[in-house]
Amino acid sequence: MTSPLAAADHLGDREAFSAFLSRLRTDHAENGAAWENGTLDAFLEALEAWVADAPGWYGNHGQDLPPRGDWTFFARALAAARIYE
């Protein structure tokens, strides 16, 4: 199973982020049984843990955590997905 986000990918705009989400959804449809966090609850728990540990992940990969990520946009997108049709 390959990641929908390659290590070299850089999402520079909203359209690229949307395309990534499409790849992620396709990966779940095709390989969801292989996902360790296949339920929404497990996925959100892992997302929470990864965001908290992100400085370590970036450091382990020789990168700096982006200082100015648009965290509000990401949070709004996740919250909106609860009710958006």
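Everything here concerns the structure above.
Before going into details, it helps to say that this report is about the structure given with it.

Criteria and cut-off values
- Residues numbered from 1 in each chain as written.
- Predicted model: local features only at pLDDT ≥ 70, side-chain atom pairs only at ≥ 80, totals over all residues.
- Heavy atoms only, no water.
- Helix = DSSP H or I, 4+ residues; strand = E, 2+ residues; numbered from the N terminus.
- Buried < 20%, exposed > 50% of the residue type's maximum accessible area, 1.4 Å probe, protein only.
- Contact = heavy atoms within 4.5 Å.
- Areas by Shrake-Rupley, 256 points an atom, 1.4 Å probe, with all protein chains shown as cover.
- Phe/Tyr/Trp six-rings, centres within 6.5 Å; stacked < 30°, edge-to-face > 60°.
- Expected span 1.5 Å × (residues − 1).
- Polar contact = N/O pair within 3.5 Å; in protein donor to acceptor, adjacent residues only side chain to side chain.
- Salt bridge = Lys/Arg side-chain N within 4 Å of Asp/Glu carboxyl O.

Okay, the overall build of the protein next. Counting secondary structure elements, the protein contains 3 helices and 0 strands. Tracing the protein from N to C terminus, the helices and strands come up as α-α-α. Evaluated residue by residue, the protein yields a buried proportion of 11% over its 85 residues. Of the contacts made within the protein by residues no fewer than 6 positions apart, 29% connect residues no fewer than 24 positions apart. For the protein, the exposed area adds up to about 7,200 Å²; of that, 56% sits on carbon and sulfur atoms.

Using the criterion set out here, one finds 6 aromatic pairs in the structure. Their ring planes at 75 degrees and their centres at 5.1 Å tell us that Trp 57 and Tyr 58 sit as a pair that is edge-to-face. Note on Trp 57: relative accessible area 35%, which makes it partly exposed. Exposure remark for Tyr 58: the relative accessible area of 16% places this residue in the buried category. Taken together, the ring pairs in this structure connect Phe 17, Phe 20 and Phe 74 into an aromatic cluster.

Here helix α1 (residues 14–31) is 18 residues long and its end C-alpha atoms lie 25 Å apart, about the 26 Å a rise of 1.5 Å per residue gives. Each element contacted by the buried residues of α1 is listed here: α2 (40–60) and α3 (71–80). The backbone nitrogen of Glu 15 has a side-chain oxygen 3.3 Å away, supplied by the residue at the start of α1, namely Asp 13.

We now examine the pattern of salt bridges. Under the defined criterion, the tally for this structure stands at 1 salt bridge. Two residues, Glu 15 and Arg 14, come together in a salt bridge whose shortest N-O distance is 3.0 Å. Overall, Glu 15 belongs to the partly exposed group, its relative accessible area being 46%. Overall, the relative accessible area of 52% leaves Arg 14 in the exposed class.

Fair warning: the whole summary comes from geometry, so function is off the table for now.
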